[in-house]
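Observations on chain architecture
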Amino acid sequence: MGLKTQQQPLHLGKQTYFGEGALRQVTGIIKNYRRILLFNDQAAFKACGAEEFFLPIIEKFPIHILSYSGKALPLEDIQQLYDKNKHIRNIDLIVAVGGGTVIDLSKIYSLAYSNRLIDLDIILGDKIPENKIDLVFIPTTAGTGSEATSFAVVYKDKKKYSILHPTLLPKYTILDPGLLTSLPEEILNATVLDALAQGIESMWAAGGTAESREYAGMAISNILAGLAETERMKKSEAFQLGAHFSGKAINISKTTLPHAISYPLTSHFGIPHGIAVFLTLPKIAELNYHIAATAMQPGLNPEQHRKNFLTLFKLFEVPDIAGLTGKFKNIMEKFNVKTRLRNYGLKKDDLSRIAENSYTKGRSDNNPRKIDRKTILQTLGEIF
Ligand SMILES: [Fe+2]
């Protein structure tokens, strides 16, 4: 099933198909299954060209389609859609064609259908059931890299939960940059900011390993190459690879403080995820660079920490931390992203609530610098 025209880039799994036209591989996969559930966002599915491709396949194979157009996943909405479709039984393949939200939704439903769950609240607890259904992920944005992670992000009462289980990794991944070419530049850019931040955060994460740092480096270098690219297909290709590697990187290292702060910014103020993450990135990069030994996360090797920043300087071709944060700001400028929180409808009074909700275990413990609410509040104040 290998692609003839494209050389497989290094580090892509054996069942990851990459390159323009890779979508065609899905037919060979689907024919081995009996009952298939396809997740999409109807409008995006049509716009990216997937609908035209899938029409004859849908006529020929037993495929049931579930569409979702929300930009995030409140558990209440997921439950509602699930209740309407609980009669669907014996699914043996789930195909998700869409951005991170659609892919995450399909992960939740793979748990639900595998275990015939009734009340989906159970996945918010400590005992997450395993997924027994084969998954095919086909991203149509270059953002979250969700196709390469074993977790899904959902919200309950505006609080963010990360649902994690190793069985949420797909059996097959199809990375077809052709699906990205119709994406408005604005969305392509906003989503790639997420991927770039994931690469950067993964590089400095306390939980990083040699392997995750290698993926993080590949994520950053591909995205930077995409930024410099003028031809759209080549840009899409580089961004898509970068996003995928950023997923592989954070699947090991997890993300850090900019991500932790981004969740309340998104759930309370509707700031798109990639932008929400990037807003605090320059300030947090500075904070994380200058760490006194006593403020360093236990378990993080100071020498490794120094090396991680040197790697970032090298990747971004800058001499020092000021150069690095300058580059982050340049990228936001290039993408016309407003850099102040007040531009997004926040009031000064909102900052303490954001700081309160940012302080999540796991994400904050993974930041190289130990962080308290006061520091978060101060950082938010500086970019207000
Ligand atoms: Fe992210």
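Coordinates for the structure precede this section.
Residues numbered from 1 in each chain as written. Predicted model: local features only at pLDDT ≥ 70, side-chain atom pairs only at ≥ 80, totals over all residues. Heavy atoms only, no water.

Brief notes about the overall build of the protein
Within the protein, the secondary structure is distributed over 14 helices and eight strands. Taken over the C-alpha atoms alone, the protein extends approximately 60 × 45 × 40 Å along its principal axes. In the protein, which comprises 384 residues, the share counted as buried stands at 57%. A separation threshold of at least 6 residues defines the contact pool for the protein, and within that pool the share at least 24 residues apart is 78%. (Helix = DSSP H or I, 4+ residues; strand = E, 2+ residues; numbered from the N terminus. Buried < 20%, exposed > 50% of the residue type's maximum accessible area, 1.4 Å probe, protein only. Contact = heavy atoms within 4.5 Å.)

Description of the coordination of the iron ion
For the iron ion, the full set of protein donor atoms is Asp 194 (OD), Gln 198 (OE1), His 259 (NE2) and His 273 (NE2), and the range of their distances to it is 2.2 to 2.3 Å. Geometry at the iron ion is irregular, judged from its four donor atoms and the angles of 85 to 160 degrees they form at the metal. In terms of primary sequence, the donors binding the iron ion are separated according to D-x3-Q-x60-H-x13-H. In this pair, Gln 198 sits in helix α6 (residues 185-204) while His 273 sits in helix α10 (residues 273-289), placing the two residues 75 residues apart along the sequence. A relative accessible area of 3% means that Gln 198 is categorised as buried. (Donors = N, O, S within 2.8 Å, 3.2 Å for Na, K, Ca; no water. Tetrahedral: all angles 85-135°; square planar, octahedral: opposite > 155°, others 65-115°.)

Considering the packing of helix α7 (residues 210-228) against helix α11 (residues 302-315)
At a minimum axis distance of 10 Å, the contact between α7 and α11 shows a crossing angle of 20 degrees. Here α7 lies roughly parallel to α11, going by the angle between them. Of the two elements, α7 crosses α11, and the hand of that crossing is right-handed. In this structure, α7 contributes Arg 213, Gly 217, Ile 220, Ser 221 and Leu 224 to the contact, and α11 contributes Gln 304, Asn 308, Leu 312 and Leu 315. (Axes fitted to C-alpha atoms, helices over the stretch in contact; angles between N-to-C directions. Parallel < 35°, antiparallel > 145°, perpendicular 65-115°, else oblique. Left-handed = near helix turned anticlockwise from the far one by under 90°.)

Considerations on the side chain of Ser 267
One can find Ser 267 in helix α9 (residues 257-269). In this structure, Ser 267 is in contact with Tyr 155 and Lys 158, ignoring residues within four places of it in sequence.

Thoughts on the pairing of strand β7 (residues 159-164)
As paired elements, strand β6 (residues 151-156) and β7 share six bridges and run antiparallel to each other. Within β7, the position partnered with Lys 156 by the bridge is Lys 159. (Pairing = 2+ DSSP bridges.)

A closer look at unusual backbone geometry
Here the phi dihedral of Asn 90 falls at roughly 55 degrees; this positive angle occurs in a residue that is not glycine. With respect to the helices, strands and loops of the structure, Asn 90 is situated in the loop between α4 (75-84) and β4 (93-98). One non-glycine residue, Lys 158, lies in the positive phi region at around 65 degrees. By secondary structure assignment, the location of Lys 158 is in the loop between β6 and β7. A residue is classified by how much of its surface remains accessible, and Lys 158, at 47% relative accessible area, is partly exposed.

Thoughts on the side chain of Thr 149
Among the structural elements, Thr 149 can be located in the loop between β5 (134-139) and β6. Taking relative accessible area as the criterion, Thr 149 reaches 2% and is therefore assigned buried. Polar contacts involving the side chain of Thr 149 include one to the main-chain carbonyl oxygen of Phe 151, which spans 3.3 Å. For Thr 149, the contacting residues outside a window of four places in its chain are Lys 107, Leu 168, Leu 169, Gly 247, Ile 250 and Asn 251. (Polar contact = N/O pair within 3.5 Å; in protein donor to acceptor, adjacent residues only side chain to side chain.)

Some remarks on a positive patch on the surface
Together, Lys 329, Arg 340, Arg 342 and Lys 348 make up a positively charged patch on the protein surface. Secondary-structure assignment places Lys 329 in helix α12 (residues 321-334). (Patch = residues over 30% accessible without salt bridge, like charges linked within 9 Å, V, L, I, M, F, W, Y side chains within 5 Å. Areas by Shrake-Rupley, 256 points an atom, 1.4 Å probe, with all protein chains shown as cover. Salt bridge = Lys/Arg side-chain N within 4 Å of Asp/Glu carboxyl O. Lys, Arg positive; Asp, Glu negative; His and termini not counted. Charge placed at Lys NZ, Arg CZ, Asp CG, Glu CD.)

Overview of the packing of aromatic side chains
Each aromatic ring pair is specified by the distance between its two centres and by the angle formed by the two planes. What the rule picks out here adds up to 13 aromatic pairs. With a centroid separation of 6.1 Å and an interplanar angle of 80 degrees, the aromatic rings of Tyr 109 and Tyr 113 are classed as edge-to-face. Remark: Tyr 113 and Tyr 109 occur in helix α5 (residues 100-114); sequence separation between them is four residues, near one turn of the helix. Residue Tyr 109 is classed as buried on the basis of its relative accessible area, which comes to 0%. Classification of Tyr 113 by relative accessible area gives buried; the value is 10%. A centroid spacing of 5.7 Å and a plane angle of 15 degrees characterise the contact between Trp 204 and Phe 309, whose relative ring orientation is stacked. Taken together, the residues span a long stretch of sequence, with Trp 204 in helix α6 and Phe 309 in helix α11 at a distance of 105 residues. Note on Trp 204: relative accessible area 0%, which makes it buried. For Phe 309, a relative accessible area of 1% puts it in the buried group. We note Lys 160 situated over the ring of Tyr 263; from NZ or CZ to the ring centre the distance is 4.2 Å. (Phe/Tyr/Trp six-rings, centres within 6.5 Å; stacked < 30°, edge-to-face > 60°. Lys NZ or Arg CZ within 6 Å of the ring centre and 35° of its normal.)

The quantities given are spatial measurements derived from coordinates; they are silent on function.
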